[in-house]
Amino acid sequence: SRWADHLPWEEWHHAALISEVEPLTIIEAVGPNSESQWADPTEVLFKDSVGFGKAKDTAKIVWLKPLFPTPIREIASWKILRSKRKILTEEEARNRIVDYARRQVNEEYGIKVTKWSERKWYCSLLVYKSFSRTITGMSLEKYDDIRAGFFVTPEDLLKSGRTEEYSNWIYA
C-alpha cells in the first residue's frame with residue numbers, strides 16, 4: 001500500500017502475516033507497488049511476495065512479534081465474561097490467527113474500507129483483524145494518538161502496545 005504517500009505521519013508501506021517459518025511464507029494483501037501489481041489476500045512464499053520479495057523499492061523490513069495478554073483467551077460471545085473464556089496456549093493462539101487470515105485468501109482487495117470492514121482487505125487490516133478477531137484483548141493499535149481512527153495502518157501495528165520488534169532487514 002502507499003500509506004506513507006497519503007498520510008504524512010506514516011513511514012511504512014506494507015504489512016503481512018507470517019504463516020509458516022520454513023519455508024518463509026506470508027499472507028498479504030497488496031496495493032499499488034513498484035511492480036504495478038495488485039493482489040487480493042494471498043498466501044505466498046516471502047521471496048515471491050509482491051509486497052516484499054519482488055518489490056524494488058523496499059528499504060527496510062521490520063519483523064514484529066505479538067505480545068499476548070496473560071492469560072491468552074479466545075474471542076467468544078460478548079455474553080461470556082472474559083474470565084470465563086477458554087484459555088489458549090501461545091501455539092493455539094498463533095494457529096487461530098493464521099487460520100483467520102487464511103480464510104480471507106482470495107477475498108477482494110480494497111484500500112477504501114474502514115477497520116470495521118470484513119468485506120475487502122488491505123495489508124494492515126488483514127493483520128489487525130487476524131489478531132483482534134481471534135484473541136481477546138489483542139487490538140493492534142493505540143487509541144491515544146493521531147493514528148486512532150477509521151483505518152489501521154502499518155505504522156499502527158509497529159507502534160502498538162501489543163507488538164515488539166525482534167528483527168529487521170535493511171537493504172543497501
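Note: the structure precedes this text.
Presented here is an overview of the structure given in this document. (Residues numbered from 1 in each chain as written. Predicted model: local features only at pLDDT ≥ 70, side-chain atom pairs only at ≥ 80, totals over all residues. Heavy atoms only, no water.)

**Section: helix α2 (residues 90–103)**
Side chains of residues three or four places apart in an α-helix project in the same direction, reflecting 3.6 residues per turn.
Here's step 1: Taking 1.5 Å as the rise per residue, α2 with 14 residues should run 20 Å; its terminal C-alpha atoms sit 20 Å apart, in good agreement.
Here's step 2: Looking at the buried positions of α2, the neighbouring elements they touch are β1 (17–20), β2 (25–30), β5 (72–73), β6 (87–88), β8 (120–121) and α3 (123–132). (Helix = DSSP H or I, 4+ residues; strand = E, 2+ residues; numbered from the N terminus. Expected span 1.5 Å × (residues − 1). Contact = heavy atoms within 4.5 Å.)

**So, the pattern of salt bridges**
Here's step 1: Going through the model one piece at a time under the given rule, you end up with 11 salt bridges.
Here's step 2: A salt bridge links glutamate 164 to lysine 65, with the shortest nitrogen-to-oxygen separation between them at 3.4 Å. Taken together, the residues glutamate 164 in strand β9 (residues 163–170) and lysine 65 in strand β4 (residues 60–66) connect sequence positions 99 residues apart.
Here's step 3: By relative accessible area, glutamate 164 is classed as partly exposed at 35%.
Here's step 4: Overall, the relative accessible area of 33% leaves lysine 65 in the partly exposed class.
Here's step 5: The shortest N-O distance in the salt bridge between lysine 120 and glutamate 108 comes to 3.6 Å. With lysine 120 in strand β8 and glutamate 108 in strand β7 (residues 108–109), the pair connects residues that are 12 residues apart, well separated along the chain.
Here's step 6: The partly exposed category is assigned to glutamate 108, whose relative accessible area is 45%.
Here's step 7: If you follow the salt bridges from partner to partner, you end up with Glu20, Glu43 and Arg102 in one network. (Salt bridge = Lys/Arg side-chain N within 4 Å of Asp/Glu carboxyl O. Buried < 20%, exposed > 50% of the residue type's maximum accessible area, 1.4 Å probe, protein only.)

**A few points about α3**
Here's step 1: The element α3 is extensively covered by neighbouring structure, given that 10 of its 10 residues are classed as buried.
Here's step 2: Within the sequence span of α3, burial applies to Cys123, Ser124, Leu125, Leu126, Val127, Tyr128, Lys129, Ser130, Phe131 and Ser132.

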